[in-house]
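Close look at the chain arrangement
Listed below, chain by chain, are the residues.
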Amino acid sequence: MKFILLLIGFLPPVTVFALPPQLPVAPILAARSYLLYDFTSSQILVSQNGDARMEPASLTKLMTAYLAFDAIEHGTLSLKQNLTVPHVAARITGGESRMLLKAEQTVAVEELLRGLIVQSGNDAAITLALNIAGSESGFVDLMNREAKRLGMANTRFVNSTGLPDAQHYSSASDLALLAAAIVRDYPQHYPLFGLREYTFNNITQSNRNRLLWIDPYADGLKTGHTETAGFCLVASATRDKRRLFAVLLGANSENLRATESQKLLNFGFQHFDAVRLYQKDQPVTKVRVWKGTTSHIKVGFRQDLFLTIPKGKLEQLKATMETHQPIIAPIISGQPLGVLKLTLSGKHYAEFPLFALDNAPLANVFSRGWDSIRLIFQ
């Protein structure tokens, strides 16, 4: 198969990828697994065992919350709707996190969400799960279906709470995808993750995410802990409208969970910049089309493209475009026509697809025949 290579300037990726080894040296953290993800560019900036299957503990409740937000979005739940607490939810044992619900009590969805997110209540998780799906097993099916849709390849859920089970696992990279989906799909609910405390039945419980107190830029998301999982955190912070996610699994203490996550976030903000290089539908170049009503069509990207690069390195970024040749009509707008490959300081950095920005219908029989003859000599 033939390729055409064109030098076309600086362009960014649109899918998740890990950065190459010539970049700033990341801190070594006291955790089993950790990952730093730039929400603006969808880039992984740091990954240590990022794809390893780990016990997520109460980070599981990020998916429980995501499905509750989805139910609200589609009208099967509403924030003011009162749900009845099932007996199984009220039988949560004393060692588990609870918002202290009572069987047959009616509680508004908005309160259950606060109990789920701020207090990490297992009773809130089960109440939401049973009211959304009718059973926890049915809710787990929804969790796994959504995980698959989001591309969480190393995730499997068996409950809505995060209680330990050998078949219940996720990874730092998958949890970053889930956190990004919450911010992207349900930004109206995201402020819940920044609440420092919540009072229910005259009992106030604090959010266990200590970054909400020690880092002025932190605004979420969720902690988790069991004896086997260790101390876990999916944290998020924004500076200058740029959002980073730090996922840390398996720290040895609550204090380490917070301080190590903060190191990771600080590293990302201090050593990298995110730059918008192309706007949605902005033409990058034109490519030759054969047997169509037009001889050239524009190619570009279907969304704004951002690139995260080490500070001061933009001038060292180079790009080439490869297209599968010959490109023959009909071409539909949005059809992938090539790939853009980036190098930084002469080393591979990233690649991502380019799309047709125009339609190119088939030409008449005479024009197609003429192009067929010309292609013979190409």
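Some details on the overall build of the protein
For the protein, the count of helices and strands is nine helices and 17 strands. Dimensions of the protein, computed from the C-alpha atoms along their principal axes, are close to 80 × 45 × 35 Å. Out of the 378 residues in the protein, the part that is buried amounts to 51%. Of the contacts made within the protein by residues no fewer than 6 positions apart, 67% connect residues no fewer than 24 positions apart. Summed over its atoms, the accessible surface of the protein is roughly 17000 Å², and 51% of this surface lies on carbon and sulfur atoms. Of note, the protein has its 38 positive side-chain charges centred 7 Å away from the centre of its 31 negative side-chain charges.

Regarding the layout of surface pockets
Left-over empty space is what a probe sized like a water molecule reveals as it rolls over the atoms. Empty space within the second largest pocket amounts to approximately 300 Å³. As for the second largest pocket, its lining consists of 19 residues, and the residues nearest its centre are S58, S97, G224, H225 and T226. Mapped by element, the contributors of at least two residues to the lining of the second largest pocket are β8 (218-226) and α8 (254-271). Element by element, the count of residues in the lining of the second largest pocket is highest for β8, at five residues.

Observations regarding the environment of K80
Checked against the element boundaries, K80 lands in the loop between α1 (61-73) and β4 (82-84). For the pair K80 and E111, spaced 31 residues apart in sequence, the C-alpha separation works out to 8.8 Å. A polar contact is formed between the side chain of K80 and the side chain of E110, at a distance of 2.9 Å.

Remarks on unusual backbone geometry
In this model, G220 is joined to L221 through a cis peptide bond whose omega is 10°. Inspection of the secondary structure puts L221 in strand β8. A cis amide bond links A329 to the next residue, P330, at an omega of 5°. By the element assignment, P330 lies in the loop between β15 (317-325) and β16 (336-344). We note that N49 has phi near 55°; this positive angle belongs to a residue other than glycine. Of note, N49 is situated in the loop between β3 (43-48) and α1. Given the relative accessible area of 42%, N49 is considered partly exposed. Positive phi outside glycine occurs at N202, with the angle close to 65°.

Brief notes about the packing of helix α3 (residues 109-117) against helix α4 (residues 122-133)
It is the contact of α3 with α4, at a shortest axis distance of 7 Å, that shows an interaxial angle of 135°. The orientation of α3 relative to α4 falls into the category oblique. The chirality of how α3 crosses α4 is left-handed. For the pair α3 and α4, the contacting residues are L112, L113, G115 and L116 in the first and A124, A125, T127 and L128 in the second. Class assignment of the residues belonging to the contact of α3 with α4 gives a composition of six nonpolar, two polar and no charged.

Section: helix α6 (residues 172-185)
The end-to-end C-alpha separation of α6 is 20 Å, in line with the 20 Å expected for 14 residues at 1.5 Å each. Here α6 lies mainly inside the structure; 11 of its 14 residues are buried. Residues of α6 that are buried include every one of A172, S173, D174, L175, A176, L178, A179, A180, A181, I182 and V183, and no others. Residues of α6 that are buried make contact with β2 (33-38), α1, β8, β9 (230-239) and β10 (242-251).

Concerning the pairing of β16
Pairing between β15 and β16: seven bridges, direction antiparallel. Residue A319 lies in a different strand from β16, and its bridge partner there is L342. Of the strand pairs in this sheet, β16 and strand β17 (residues 347-356) are connected by eight bridges, and their pairing is antiparallel. Looking across to β17, one finds that T343 is bridged to H348. Hairpin connection from β16 to β17: two residues lie between these consecutive antiparallel strands, with S345 at a positive phi of about 55°.

Some thoughts on the packing of aromatic side chains
For the structure shown, the criterion picks out nine aromatic pairs. Here F69 and Y186 contribute two aromatic rings whose centre-to-centre distance is 5.9 Å and whose plane-to-plane angle is 55°, an arrangement assigned as tilted. Here Y186 lies in the loop between α6 and β6 (197-200) and F69 lies in helix α1, a separation of 117 residues in the sequence. Y186 carries the same exposure label as F69, and that label is buried.

What counts, and at which threshold
- Residues numbered from 1 in each chain as written.
- Predicted model: local features only at pLDDT ≥ 70, side-chain atom pairs only at ≥ 80, totals over all residues.
- Heavy atoms only, no water.
- Helix = DSSP H or I, 4+ residues; strand = E, 2+ residues; numbered from the N terminus.
- Buried < 20%, exposed > 50% of the residue type's maximum accessible area, 1.4 Å probe, protein only.
- Contact = heavy atoms within 4.5 Å.
- Areas by Shrake-Rupley, 256 points an atom, 1.4 Å probe, with all protein chains shown as cover.
- Lys, Arg positive; Asp, Glu negative; His and termini not counted.
- Charge placed at Lys NZ, Arg CZ, Asp CG, Glu CD.
- 1 Å grid on protein atoms, 1.4 Å probe; cavity = no way out; pocket = protein on both sides within 12 Å on 5 of 7 lines; lining within 4 Å.
- Points joined across faces, edges and corners; volume = space filled by probe spheres on them.
- Polar contact = N/O pair within 3.5 Å; in protein donor to acceptor, adjacent residues only side chain to side chain.
- Axes fitted to C-alpha atoms, helices over the stretch in contact; angles between N-to-C directions.
- Parallel < 35°, antiparallel > 145°, perpendicular 65-115°, else oblique.
- Left-handed = near helix turned anticlockwise from the far one by under 90°.
- Nonpolar A, V, L, I, M, F, W, Y, C, P; charged D, E, K, R; others polar.
- Expected span 1.5 Å × (residues − 1).
- Pairing = 2+ DSSP bridges.
- Phe/Tyr/Trp six-rings, centres within 6.5 Å; stacked < 30°, edge-to-face > 60°.

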